[in-house]
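Topology and contacts: notes
Take a look at the letters that make up each chain.
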Amino acid sequence: MSCHNAYPEQIPFVSGKFINVPEGISCERCHRAGALHVEERLAEFTPRDSIDLTIINQTHLSISRQIDVCQQSHTTGAATVLKEGRGDFDFRPGQT
Ligand code: HEC
């Protein structure tokens, strides 16, 4: 579930049941939410010389933060143990 799908709409306080499950991983699992990025581009496109902070570009993350993105799915353990209070879909690119 957490490796092969975009963010599902979860039933509050119920584990393992979902209101809907989008098919495919989607861009946001690696680039974060893109609404602001799209909004800015539609309003006025200005080529930038600096880093675009409206979206995550993996090449601008540290190696360790890049690997954290990959490890949403590519981990070596037999099981995933979440930190207390964290859910399967809480991680966002750029976080540890
Ligand atoms: C599994 C993770 C992952 C997913 C899913 C993903 N990307 Fe990426 N994307 C990357 C990585 C990593 C890079 C950086 C590659 C590089 O330059 O070496 C990248 C680079 C890009 C770039 C190039 C940015 C630049 O400055 O050149 C664009 C544009 C992009 N992705 C758009 C998308 C879109 C649109 C989607 C969804 C349809 C998507 N990505 C889904 C990981 C992902």
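About the cut-offs
Once a new chain begins, its residue numbering starts again from 1 and follows that chain's sequence as written. Predicted model: local features are reported for residues with pLDDT of at least 70 only, side-chain atom pairs are reported and counted for 80 or more only, and whole-chain, interface and lining totals are derived from all residues. The side-chain values count all of the structure's non-hydrogen atoms but skip hydrogen atoms and water molecules. Each helix is a run of DSSP H or I of at least 4 residues and each strand a run of E of at least 2, with the numbering of both proceeding from the N terminus. The classification of residues rests on relative accessible area computed with a 1.4 Å probe and restricted to protein chains. Under 20% of the type maximum is buried, over 50% is exposed, and intermediate values are partly exposed. Only heavy atoms matter for contacts: two residues are in contact if any of them lie within 4.5 Å across the pair. Think of it this way: Lys and Arg go in the positive column, Asp and Glu in the negative one, and His and the chain ends go nowhere. Positions of charges follow a simple convention, taking NZ of Lys, CZ of Arg, CG of Asp or CD of Glu. Centres within 6.5 Å make a pair out of two Phe, Tyr or Trp rings, where for Trp the six-membered ring is used; the pair is then stacked when the planes are under 30 degrees apart, edge-to-face when over 60, and tilted otherwise. The rule for a charge over a ring is simple: NZ of Lys or CZ of Arg within 6 Å of the ring centre, and within 35 degrees of the ring normal. For this purpose, a residue is taken to be near a molecule or strand whenever a single non-hydrogen atom of the residue falls within 4 Å of it. Here a polar contact is recorded for every N or O atom pair within 3.5 Å, except that within protein the pair must consist of a potential hydrogen donor and a potential acceptor, and residues adjacent in sequence are included only if both atoms are side-chain atoms. In the scheme used here, Gly and all other residues not listed as nonpolar or charged are polar, with Ala, Val, Leu, Ile, Met, Phe, Trp, Tyr, Cys and Pro taken as nonpolar and Asp, Glu, Lys and Arg as charged. Only N, O and S atoms count as donors, using a 2.8 Å limit from the metal and a wider 3.2 Å limit for Na, K and Ca, and since water is excluded some coordination spheres may look unfilled. Salt bridge, as used here, is a side-chain nitrogen of Lys or Arg placed within 4 Å of a carboxyl oxygen of Asp or Glu.

A tally of helices and strands in the protein chain yields three helices and two strands. The secondary structure elements of the protein chain, listed N-terminal to C-terminal, are β-β-α-α-α. The principal-axis extents of the C-alpha atoms in the protein chain amount to approximately 45 × 30 × 25 Å. For the protein chain, buried positions account for 19% of its 96 residues. Across the protein chain, the fraction of contacts at a sequence separation of at least 24, relative to all contacts at a separation of at least 6, is 44%. Side chains of the protein chain carry 9 positive and 12 negative charges; the gap between the two charge centres is 6 Å.

Turning our eyes to something else, we now look at the packing of aromatic side chains. Enumeration according to the criterion identifies one aromatic pair in this entry. A centroid spacing of 6.3 Å and a plane angle of 80° characterise the contact between Tyr7 and Phe89, whose relative ring orientation is edge-to-face. Taken together, the residues span a long stretch of sequence, with Tyr7 in the segment before strand E1 (9-10) and Phe89 in the segment after helix H3 (63-70) at a distance of 82 residues. A relative accessible area of 7% means that Phe89 is categorised as buried. In this structure, Arg92 packs its charged tip against the face of Tyr7, placed 4.0 Å from the ring centre.

In this section: the site of the ligand. The immediate surroundings of the ligand are formed by Ile25, Ser26, Cys27, Cys30, His31, Asn57, Gln58 and Thr59. Contacts to the ligand include His31, whose side-chain N or O atom sits 2.8 Å from a nitrogen atom. Within the side chain of Asn57, a nitrogen or oxygen atom sits 2.8 Å from an oxygen atom of the ligand. Across the shell around the ligand, the residue classes break down as three nonpolar, five polar and no charged.

Attention shifts here to the coordination of the iron atom of the ligand. There is one protein donor for the iron atom of the ligand, namely His31 (NE2), at 2.0 Å. On the secondary structure map, His31 appears in helix H1 (residues 28-31).

Taken as a whole and judged by the stated rule, the model has four salt bridges. Two residues, Arg41 and Glu40, come together in a salt bridge whose shortest N-O distance is 3.1 Å. In this structure Glu40 comes out as partly exposed when scored by relative accessible area, which is 27%. The class for Arg41 is partly exposed, based on a relative accessible area of 24%. When salt bridges that share partners are traced, they join Glu40, Arg41 and Asp52 into one network.

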